[in-house]
Amino acid sequence: MIHFSLAREQLIKPLQLVSGVVEKRQTLPVLSNVLLEVEATELLLTGTDLEVELVGRVTLSEPAEAGAITVPAKKFLDIVRSLPDDSIITVKQDSERVIVSSGRSKFTLTSLPAVEFPSIEKSSDHEEYSIPQAQFGHLINATSFAMAQQDVRYYLNGMSLELSPGMVRTVATDGHRLAMSSRQVEGLNTAEKKQVIVPRKGILELNRLLTGGEETIQIYLGSTHLRATTSDFSFTTKLVDGKFPDYERVIPRGGDKEVVGDRQTLKSIFSRAAILSNEKYRGVRLILSSGNLIVKANNPEQEEAEVTVEVDYEGPELEVGFNVNYLLDVLNVISGEQVKFILSDANSSALITDFDDDATAFVVMPMRL
Amino acid sequence: MTVRKIEVLSPRLANQIAAGEVVERPASVVKELVENCLDAGATRIDIDIEQGGTKLIRVRDNGRGIGKDDLPLALARHATSKVYSLDELEALTSLGFRGEALASVASVSRLTLTSKPADQDTAWQVNAQGRDMAVDLTPAAHIDGTTVEVRDLFFNTPARRKFLRTEKTEFNHLEEVVKRQALSRFDVGFSLTHNGRTIHAHRPATTMAEQQRRIAQLLSPDFMSNALVIETERAGLKMTGWVGLPTFSRSTADMQYFFVNGRVVRDKVIAHAVKQAYRDVLYHGRQPCFVLYLELDNTGVDVNVHPTKHEVRFRDQRLVHDFLFSQLHRALAEYRPDANTPVAEQISRPQVPQATGIEAGEFAGQQALHMQPAASSYASAPREPLPVAEQVAFYEQVIQPSTATAQASAPLPETQSSDVPPLGFAVAQLHGIYILSQSEQGLIVVDMHAAHERITYERMKQQYDNQSIQAQPLLVPLTLSLSEKEADAAESFSSLLQGFGFEVDRTGPESLTIRQVPVFLHQSNASALVQSVLADFIEHETSDAILAHRNEILSTMACHGSVRANRSLTIPEMNALLRDMERTERSGQCNHGRPTWTQLTMKELDKLFLRGR
């Protein structure tokens, strides 16, 4: 019979992350539960939706009784969250119930046996890589916004993760825009190039685990699964079985019109003009002339916004339409001060990069307005 | 297996085989016989039925009759007076033309035909017997015209007889046939008796009121009080008839009558056009009601498609489709909540007075005065809620130009009845959901959300229609695998697709690549839509699937952008909504086809309280 106690602040963070994986509505009752396991002085918390599994590890300072049981994730988290900061929480199994107590509060929760809790099958053959968390976090942050959501082309509902000797690259696209980011990773030992598609939910959950510090994250790549471990967590996700589009072909080459502008300024003028763009499809017109960029927007009520800004551009006049949300998404993830747009004509896609960092690039399709 | 020799069929067997196609049940016999009467120029047709038509079907007319010499031929197969040459077949004016009906019916029943043309002194009777269908001519007593008596239908084909339903069911089918004929020819009197009991008796109807009375009797009185009169002509096509308001719908398609040159027709093209016209106003899963007559040049329509002639083929299918759609669509859109719609009032609601103040002309003038400023000001008003006082002032300013509506902001004066708009002036709001309004006729109850939803929706549609097509090229093109036929259609209709903002390339015999989609679709499943559009192209040569999809998106936006229940409105706000409804198309129904308003007249209210009895 499981029995342990620990401080609230030790429990709340891993519990929050693990419950994040648990889907709100379930047909299989055990999936709305979180699995608690105690072995010697270690507490493991596991949440799963059968596609993604997250295991959090907590070291117990007080002696505990080993055992395993599942309790409703949402209720358990709400209880822990509502307790005072410095409280000590005791969890104890009492036949089919679990009693959570702290100070003078006591909660009796229903439970389901641990054997019913599904675990994602761990494939035995896998390759192991080690990547600094900060770098991996950057790769995900720079591209995750472009992942498709519930697209019929299921392989777009995720992120392509590509590992080649000394280099990691992430690519995401929803068919309208694309984001790509690469990072040199020293000592990445892979014999050949490997490309997998990590599903959307896996990426979002994985991103929440990354601390951004100097620590590394261990990536285990199997044929159908990806597992990532840090000191506190072990995360497993299924991979999307499909072929990611050939992104190299999509990246425009030979754009001859180069525009450089201040990121913050551009961001604010785009959002300003966007107020009067169509609520549904957010079209804005960019009109370029030497040294100048005019952003125009119209809505169905025939109201019009026109904002002019100075940019670094030499070349012929060019007018091109874009979905302003796509531009804003890109400007939001770029961290440098200056951004560079490379355009060729009104019908070709634009390539946007951080002025000082070519390793991350964004492609946005124009809109015919 | 023994080798069987080839032999020519006996005439009776050949006719029986033909009867299989045409004579399915007693109702089909009645259809053929009544059509013969009409082709003979009869103005009065009496139909007597016994035992659902299995025992006796007797059809008597006062038409031209058949001469003695022609009588033997009347029962022969492929013999007719209606068509002599191919040219005549291509421009048919008669209902029948195949020359098979009487022979077929005679081969599966005991049929006697008695006829006397006006210029012949005596009547003659004929019947056909035996396997060669030898005719037997005898003198008889008969007034001018023809009587066909069909006894013991299917007596010699037990298999067919077994398929007959109960007497009641068979009679219902038969009655439906008579109904259709009675609807198709108002100038002909009909009577129908069953087992000696009179079921229908209609005198020839020449005036509009008489015609409407006949329809009310045949269908339902409710239909007539909820129908719009259609009368329109364009490009050689003429359509008249009655269409039910969207609020008067049925769960099955049993009140749909369409006549092409007097012929009852159930056609895919027509059904599609009507369905399309009612889209957007009909509640989900309901069927519209209509009685419509399409007249066009006989050369423009081919009726020789199916033995029972239920299907026709139009020479210019797309023209007919577009004509039907646009005319019906307009008629439904133009229906406004004023009492002056050409509904068949005289039958159901004779008490409705011809209110002077809401004569179409006067009302239209008011509309023109401030339509533009009002529309745009209202559009922006709800977005930024002003303080109430300002809002009232704002509305007053907006409605200033019109004297009629300016009174709305005053605390309900004793208005002269001639100044009351169709939906009246708001009195109060009920539970934050309904607006109560006092109109000339009585009380109007308006579902605030439903009404506002429709107004927002129509306004959005108008705005989007005025914009040019905007398209989003795809970074990763969509590949689509479909049948070769569909891919061919995509190629031949590629300019139409382009007009909607699609760019589609054929990449193989059975695959397409979509390179560009209309912007409003960028988050929808474009491939499924393209496929349904192509299916429409193949079937109807035109498609509104894209527009329908766009409207669906707008409809959702309109729903979210409209006032919700429990939002309390001031009297001027409510009046503004009522005025908006009066000038909005299709404002009688919300986007989902639910009614937006209803009326309780003073008469009905008086009835509730037993006043004036």
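Residues numbered from 1 in each chain as written. Chains lettered and ligands numbered in written order. Predicted model: local features only at pLDDT ≥ 70, side-chain atom pairs only at ≥ 80, totals over all residues. Heavy atoms only, no water.

Looking at an unreviewed UniProt entry, chain B carries the name DNA mismatch repair protein MutL, with the source organism given as Reinekea marinisedimentorum. One UniProt comment on chain B, placed under Sequence similarities (unreviewed entry), says "Belongs to the DNA mismatch repair MutL/HexB family." Per UniProt, chain B carries the Function (unreviewed entry) text "This protein is involved in the repair of mismatches in DNA. It is required for dam-dependent methyl-directed DNA mismatch repair. May act as a 'molecular matchmaker', a protein that promotes the formation of a stable complex between two or more DNA-binding proteins in an ATP-dependent manner without itself being part of a final effector complex." (UniProt positions renumbered as here; feature names shortened; annotations may be inferred.)

Looking at an unreviewed UniProt entry, chain A carries the name Beta sliding clamp, with the source organism given as Reinekea marinisedimentorum. Under the UniProt heading Subunit (unreviewed entry), the note attached to chain A is "Forms a ring-shaped head-to-tail homodimer around DNA." Under the heading Sequence similarities (unreviewed entry), UniProt records this for chain A: "Belongs to the beta sliding clamp family."

Considerations on the overall build of chain A
Within chain A, the regular secondary structure consists of seven helices and 25 strands. Taken over 369 residues, chain A has a buried fraction of 53%. If you take every contact in chain A between residues at least 6 apart in sequence, the share linking residues at least 24 apart comes to 67%. When the accessible area of chain A is evaluated, it comes to approximately 16,700 Å², of which 46% is carbon and sulfur surface. (Helix = DSSP H or I, 4+ residues; strand = E, 2+ residues; numbered from the N terminus. Buried < 20%, exposed > 50% of the residue type's maximum accessible area, 1.4 Å probe, protein only. Contact = heavy atoms within 4.5 Å. Areas by Shrake-Rupley, 256 points an atom, 1.4 Å probe, with all protein chains shown as cover.)

Comments concerning the overall build of chain B
Check the secondary structure of chain B and you find 22 helices and 22 strands. Residues counted as buried form 52% of the 613 residues belonging to chain B. Long-range contacts, defined as pairs at least 24 residues apart, comprise 69% of the intrachain contacts of chain B with a sequence gap of at least 6. When the accessible area of chain B is evaluated, it comes to approximately 29,200 Å², of which 51% is carbon and sulfur surface.

What about empty space enclosed by the protein?
If a probe as big as a water molecule is rolled over the atoms, it shows which places are left empty. All names here are of chain A. The final tally for this structure, using the stated rule, is five cavities of 30 Å³ or more. Counted as a void, the largest cavity has a volume near 70 Å³. Along its surface, the largest cavity is lined by Val-259, Leu-266, Phe-270, Leu-286, Leu-288, Leu-293, Val-311, Val-320, Phe-341 and Leu-343. When residues of the lining of the largest cavity are traced back to their parent elements, those giving at least two are α6 (263–274), β19 (283–289) and β23 (338–343). Taken together, the residues that form the lining of the largest cavity break down as ten nonpolar, no polar and no charged. Residue lining of the second largest cavity: His-138, Ala-142, Val-333, Ile-334, Ser-335, Asp-354, Asp-357, Thr-360 and Phe-362, and that is the complete set. At the level of elements, α3 (133–143) and β25 (357–364) are the ones that each hand at least two residues to the lining of the second largest cavity. No other element matches the three residues that β25 contributes to the lining of the second largest cavity. (1 Å grid on protein atoms, 1.4 Å probe; cavity = no way out; pocket = protein on both sides within 12 Å on 5 of 7 lines; lining within 4 Å. Points joined across faces, edges and corners; volume = space filled by probe spheres on them. Nonpolar A, V, L, I, M, F, W, Y, C, P; charged D, E, K, R; others polar.)

With respect to unusual backbone geometry
Positive phi, close to 50°, is recorded for Gln150(A), a residue that is not glycine. By relative accessible area, Gln150(A) is classed as exposed at 77%. One non-glycine residue, Asn195(B), lies in positive phi territory at about 50°.

Re the nonpolar core
With 96 residues, the main nonpolar core has Leu36(A), Leu43(A), Phe76(A), Phe136(A), Leu266(A) and Phe270(A) as its most contacted residues. Apart from the residues lying within four places of it in its own chain, the contact partners of Phe136(A) are Ile131(A), Leu161(A), Leu206(A), Leu210(A), Ile217(A) and Ile219(A). Counting 62 residues, the second largest nonpolar core, distinct from the first, contains Cys37(B), Ile57(B), Val59(B) and Met133(B). (Core = buried A, V, L, I, M, F, W, Y, C linked by side-chain atoms within 4.5 Å.)

Considerations on the packing of helix α17 (residues 484–492) of chain B against helix α19 (residues 526–540) of chain B
Residue and element names in this part refer to chain B. Relative to each other, α17 and α19 sit at 85°, their axes nearing to 9 Å. Considering their axes alone, α17 and α19 lie roughly perpendicular with respect to each other. Of the residues in α19, those in contact with Lys-485, Glu-486, Ala-489 and Ala-490 of α17 are Gln-531, Leu-534 and Ile-538. For the contact of α17 with α19, a count of residues per class yields four nonpolar, one polar and two charged. (Axes fitted to C-alpha atoms, helices over the stretch in contact; angles between N-to-C directions. Parallel < 35°, antiparallel > 145°, perpendicular 65-115°, else oblique.)

Let's talk about the pattern of salt bridges
Under the counting rule described, the total for this entry stands at 43 salt bridges over all chains. The partner of Arg153(A) in a salt bridge is Asp151(A), and the shortest N-O contact between them spans 3.1 Å. Here Glu458(B) ties to Arg586(B) by a salt bridge, and the two come within 3.0 Å at their closest N and O atoms. With a gap of 128 residues between them, Glu458(B) in helix α16 (residues 448–466) and Arg586(B) in the loop between α21 (571–583) and β22 (597–601) connect regions that are remote in the sequence. Looking at Glu458(B), the relative accessible area reads 8%, which means it is buried. (Salt bridge = Lys/Arg side-chain N within 4 Å of Asp/Glu carboxyl O.)

A look at the environment of Met159(A)
Mapped onto the elements of the fold, Met159(A) is located in strand β11 (residues 158–164). Leaving out residues up to four positions away in the same chain, Met159(A) has contacts with Ile140(A), Thr143(A), Ser144(A), Met147(A), Thr170(A), Val171(A), Ala172(A), Val196(A), Ile197(A), Val198(A) and Ile203(A).

Details of α19(B)
Residues and elements named next belong to chain B. Taking 1.5 Å per residue as the helical rise, α19 with its 15 residues ought to reach 21 Å, and the 21 Å between its terminal C-alpha atoms agrees with that figure. Every buried residue of α19 is accounted for by Ala-526, Ser-527, Leu-529, Val-530, Val-533, Leu-534, Asp-536, Phe-537 and His-540. Of the residues one or two after α19, Glu-541 is the one with positive phi, at around 65°. (Expected span 1.5 Å × (residues − 1).)

Concerning the sheet that holds strand β6 (residues 88–94) of chain A
All names here are of chain A. An order of β1-β6-β7-β8 is seen for the four strands of this open sheet, with the pairing classed as antiparallel. Across the chains shown, the open sheet's two edge strands, defined by having one partner strand only, are β1 (3–7) and β8 (105–110). Direction aside, the axes of adjacent strands within the sheet are offset by 20° on average. Across five bridges, the pairing between β1 and β6 is antiparallel. Residue pairing in the sheet places Leu-6 in a bridge with Ile-89 of β6. Running over the sheet, helix α1 (residues 8–21) touches β1 and β6 and is turned about 100° from β1. In the packing of helix α2 (residues 73–82) onto the sheet, the strands contacted are β6, β7 (97–102) and β8, and the crossing angle to β8 comes to about 170°. (Pairing = 2+ DSSP bridges.)

Focus on the interface of chain B and chain A
Counting residues at the interface gives 22 residues for chain B and 25 residues for chain A. Carbon and sulfur atoms supply 58% of the area buried between chain B and chain A, which totals about 2,300 Å² over both sides. Contact with chain A buries area across many residues of chain B, yet Leu475(B), Val476(B) and His522(B) alone supply 29% of it, more than any other trio. At the junction of chain B with chain A, the criterion picks out one salt bridge. (Buried area = accessible area lost by both parts, 1.4 Å probe.)

Structural notes on the pairing of strand β11 (residues 256–260) of chain B
All names here are of chain B. Counting buried residues in β11 gives five out of five residues, a clear majority hidden from the surface. Of the two faces of β11, the one lined by Gln-256, Phe-258 and Val-260 and the one lined by Tyr-257 and Phe-259 are each fully buried. Note: β11 against strand β12 (residues 263–264), two bridges, orientation antiparallel. Across the sheet, residue Val-260 finds its bridge partner in β12, namely Arg-263. Between β11 and the antiparallel strand that follows it, β12, lie two residues; Asn-261 among them carries a positive phi value of about 50°.

Points about a nonpolar patch on the surface
Together, Leu9(B), Leu13(B) and Ile17(B) make up a nonpolar patch on the protein surface, roughly 270 Å² of accessible area in all. Counting through the fold element by element, Ile17(B) comes out in helix α1 (residues 11–22). (Patch = residues over 30% accessible without salt bridge, like charges linked within 9 Å, V, L, I, M, F, W, Y side chains within 5 Å.)

Here we look at the environment of Phe323(B)
Residue and element names in this part refer to chain B. By secondary structure assignment, the location of Phe-323 is in helix α11 (residues 317–334). Along the chain, Phe-323 and Lys-238 lie 85 residues apart, while their C-alpha atoms are 9.4 Å from each other. Apart from the residues within four sequence positions on either side, Phe-323 is in contact with Thr-232, Glu-233, Arg-234, Leu-237, Lys-238, Met-239 and Leu-294.

Comments concerning the packing of aromatic side chains
Scanning the model with the defined rule gives seven aromatic pairs over all chains in all. Taking the centre distance of 5.6 Å and the plane angle of 75° together, the rings of Tyr154(A) and Tyr155(A) count as edge-to-face. A relative accessible area of 47% places Tyr154(A) in the partly exposed class. Residue Tyr155(A) is classed as partly exposed on the basis of its relative accessible area, which comes to 21%. Centre to centre, the rings of Phe493(B) and Phe537(B) are 4.6 Å apart; their planes meet at 20°, and the pair counts as stacked. Of this pair, Phe493(B) sits in the loop between α17 and α18 (494–499) while Phe537(B) sits in helix α19, and the two are 44 residues apart along the sequence. (Phe/Tyr/Trp six-rings, centres within 6.5 Å; stacked < 30°, edge-to-face > 60°.)

Some words on the confidence of the model for chain B
All names here are of chain B. A residue-level look at chain B finds 85% of positions with pLDDT of 70 or above and a mean pLDDT of 78. Confidence, expressed as mean pLDDT per element, reaches its minimum in chain B at helix α13 (residues 360–380) with 35 and its maximum at strand β1 (residues 44–50) with 92. Across residues 339–417, where pLDDT falls below 50, the model places 96 contacts with residues more than four positions away in sequence or in other chains. On the interface metric, ipTM, the complex scores 0.72, and its pTM is 0.67. (pLDDT = per-residue confidence, 0-100.)

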